[in-house]
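Residues per chain, in single letters:
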Amino acid sequence: MSTASRVLVLNSGSSSVKYQLLEMAGPSPTTTLDGGAARRIDTDGSRTASGIVERIGESDGVADHAAALRQVAEELAARGLGLDSPQLAAVGHRVVHGGTRFTEPTLITDEVVAEIEKLVPLAPLHNPANITGIKVARALRPDLPQVAVFDTAFHSTMPEAAARYAVDVATADRYGIRRYGFHGTSHAYVSRAAAALVGKEPAEANVIVLHLGNGASASAVRGGVCVDTSMGLTPLEGLVMGTRSGDLDPAVVFHLARVAGMATEDIDGLLNKRSGLLGLCGDNDMREIGRRMAEGDEAAQLAFDVYVHRLRKYVGAYCAVLGRVDVIAFTAGVGENSAAVREAALRGLEPLGIEIDAVRNAVRGSAARLVSPPAGRVAVAVVPTDEEMEIARQAYSLVRTSSHSVREG
Ligand SMILES: Nc1ncnc2c1ncn2[C@@H]1O[C@H](COP(=O)(O)OP(=O)(O)O)[C@@H](O)[C@H]1O
Ligand SMILES: CC(=O)OP(=O)(O)O
Ligand SMILES: [Mg+2]
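The model shown is predicted, which means the values in this text are computed figures rather than measured ones.

## Here we look at the site of ligand 2
Link 1 in the chain: Around ligand 2 sit Ser 14, Arg 94, Val 96, His 126, Asp 151, Phe 182, His 183, Gly 215, Met 231, Pro 235 and Arg 244, and those are all the residues in its vicinity.
Link 2 in the chain: Taking Arg 94, its side chain carries an N or O atom lying 3.0 Å from an oxygen atom of ligand 2.
Link 3 in the chain: Bound to the protein, ligand 2 loses 90% of the 270 Å² it would expose on its own.
Link 4 in the chain: The residue makeup of the shell around ligand 2, split by class, is four nonpolar, four polar and three charged.
Link 5 in the chain: A domain split of the shell around ligand 2 shows at least three residues from each of domain 1 (6-150) and domain 2 (199-382).

Structure follows, in structure tokens:
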């Protein structure tokens, strides 16, 4: 029996690399042995998002994702937890876009890497970083199973009515134009944890998950199955984000091309990197926006108002999609930490049975907790996400299953 029971998870984001080393066996289901992040990766010399992570072992700026990953490998090796460790069972990689091909955790081969590469145009901020992570880890340990866990996977159950754009079917099918959805690992984990928090099995709970990090997305989960989500073909659609616009009239793109004479790449950069909170007020960090609002800064106030207005619209829409809502769960950097965003987003929704308890909402902490009044019709919760743990769980389970089937086959 192999003693390898650790999984290294690499979450290479658009401007950060987060990692966690988890022990998957033993008395408790998982234990984090080490974790951290390299952040503020300056990918193209343009302004990068600030305030990316608040985890243990943060580093200052690094040049690119490959350098960040080598730094992670060196730090682990310095603590005797390097990639050469025989206790390592697998590396789990977050991969943002899996297209229609990848709807399950997948053992990485050259062919799988080539397929993920083909999806780069659909997630230009994310898939290249994910591929770099895969290549660096495979070069360091070619013999070790590496597993890709896709952001899109959880959303692959969306009904056609939610996944289709109302565009010519032949064109859409030829170019893979449909709504894929992202942050699925987080939506899956948080929707299950939110159901547990109100004493229900996932199969009996209807949950709205609001994942509000740098990227932000909402999902409607019925009985453990995703039925709608706010991100679409790419992680640009939906909510207002740190640097991304979210929903807008697609004609804005034609207008900028025809009237402002902007090239496609410039418009892409504008909407993905220089819009959202950053475009509205010059800051993409909700903490800084809060400080500026307290000083009466009007641009910061407008950015906040646009952000929460969009959020409230999606909550209303997903109440309509689900019919009955048991829990609304806030998660990720902003969702877990900003009582002001939670309060403002749900304000005025009492007629829908949605209420926040000011005292509970003000409590800070790292545990999943309710912020609605005890008698509230719809529970409102803060549920810290743990994408790394969920990726480790899925990667470990795949590696165990495939090693069993190899032995038995
Ligand atoms: N105490 C806080 N109050 C308000 N916002 C916060 C707080 N802590 C973190 N955030 C927000 O969380 C964002 C990052 O969220 P996170 O989930 O870590 O992002 P990502 O994983 O997408 O890089 C920051 O940009 C910041 O705006
Ligand atoms: C898909 C996505 O937006 O991811 P992130 O929030 O890590 O940028
Ligand atoms: Mg994130």
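## Here we look at the side chain of Ser 5
Link 1 in the chain: As for its position among the elements, Ser 5 is in the segment before β1 (6-12).
Link 2 in the chain: A distance of 2.7 Å separates a polar atom in the side chain of Ser 5 from a polar atom in the side chain of Glu 23.
Link 3 in the chain: Those residues in contact with Ser 5 that lie beyond four places of it in its chain are Leu 22, Glu 23, Met 24, Ala 25, Gln 87, Ala 89 and Tyr 396.

## Examining the nonpolar core
Link 1 in the chain: Ranked by internal contacts, the top residues of the largest apolar core, which has 47 residues, are Leu 210, Leu 212, Tyr 307, Ile 328, Val 341 and Ile 354.
Link 2 in the chain: No other element matches helix α11 (residues 298-322), which puts 11 residues into this core.
Link 3 in the chain: Summarising the domain contributions, this core has at least three residues from each of domain 1 (6-150) and domain 2 (199-382).
Link 4 in the chain: Not counting the four nearest positions on each side in its chain, Tyr 307 is found in contact with Leu 212, Val 240, Leu 277, Met 286, Val 334 and Val 341.

## Focus: the domain arrangement of the protein
Link 1 in the chain: The domain architecture assigned to the protein consists of domain 1 (6-150) and domain 2 (199-382).
Link 2 in the chain: For domain 1 versus domain 2, the separation of C-alpha centres amounts to 26 Å.

## What to know about the pattern of salt bridges
Link 1 in the chain: For the coordinates displayed, the defined rule picks out 23 salt bridges.
Link 2 in the chain: A salt bridge links Lys 118 to Glu 115; the nearest nitrogen and oxygen atoms lie 2.9 Å apart. Here Lys 118 and its partner Glu 115 are both found in helix α2 (residues 110-118), three residues apart, which amounts to about one turn of the helix.
Link 3 in the chain: Here the residues in one salt-bridge network are Arg 101, Glu 111, Glu 115 and Lys 118, joined through shared partners.

## Points about the UniProt feature "site: Transition state stabilizer" (unreviewed entry) in the protein
Link 1 in the chain: Taking the UniProt record as the reference, the feature "site: Transition state stabilizer" (unreviewed entry) is found at His 183 and Arg 244.
Link 2 in the chain: Mapped onto the elements of the fold, His 183 is located in the loop between α5 (169-175) and α6 (184-197).
Link 3 in the chain: For His 183, the contacting residues outside a window of four places in its chain are Arg 94, Asp 151, His 155, His 211, Gly 215, Ala 216, Ser 217, Met 231 and Glu 387.
Link 4 in the chain: Within the secondary structure layout, Arg 244 lies in the loop between β9 (225-229) and α7 (251-258).
Link 5 in the chain: With near-sequence residues (within four places) excluded, Arg 244 lies in contact with Ser 14, Leu 125, His 126, Gly 215, Met 231, Pro 235, Leu 236, Leu 271, Asn 272, Ser 275 and Gly 276.

## Here we look at the UniProt feature "binding site: substrate" (unreviewed entry) in the protein
Link 1 in the chain: In the numbering used here, UniProt assigns the "binding site: substrate" (unreviewed entry) feature to Arg 94.
Link 2 in the chain: Along the polypeptide, Arg 94 turns up in strand β4 (residues 88-95).
Link 3 in the chain: The buried category is assigned to Arg 94, whose relative accessible area is 9%.
Link 4 in the chain: Excluding residues that lie within four positions of it along the chain, Arg 94 makes contacts with Leu 10, Asn 11, Asn 130, Val 149, Asp 151, His 183, Glu 387 and Ile 391.
Link 5 in the chain: Engagement of the side chain of Arg 94 in a polar contact is seen with the side chain of Asn 11, the distance being 3.2 Å.

Cut-offs used in this document
- Residues numbered from 1 in each chain as written.
- Chains lettered and ligands numbered in written order.
- Predicted model: local features only at pLDDT ≥ 70, side-chain atom pairs only at ≥ 80, totals over all residues.
- Heavy atoms only, no water.
- Near = heavy atom within 4 Å.
- Polar contact = N/O pair within 3.5 Å; in protein donor to acceptor, adjacent residues only side chain to side chain.
- Areas by Shrake-Rupley, 256 points an atom, 1.4 Å probe, with all protein chains shown as cover.
- Nonpolar A, V, L, I, M, F, W, Y, C, P; charged D, E, K, R; others polar.
- Domains from an automatic or database assignment.
- Helix = DSSP H or I, 4+ residues; strand = E, 2+ residues; numbered from the N terminus.
- Contact = heavy atoms within 4.5 Å.
- Core = buried A, V, L, I, M, F, W, Y, C linked by side-chain atoms within 4.5 Å.
- Buried < 20%, exposed > 50% of the residue type's maximum accessible area, 1.4 Å probe, protein only.
- Salt bridge = Lys/Arg side-chain N within 4 Å of Asp/Glu carboxyl O.
- UniProt positions renumbered as here; feature names shortened; annotations may be inferred.

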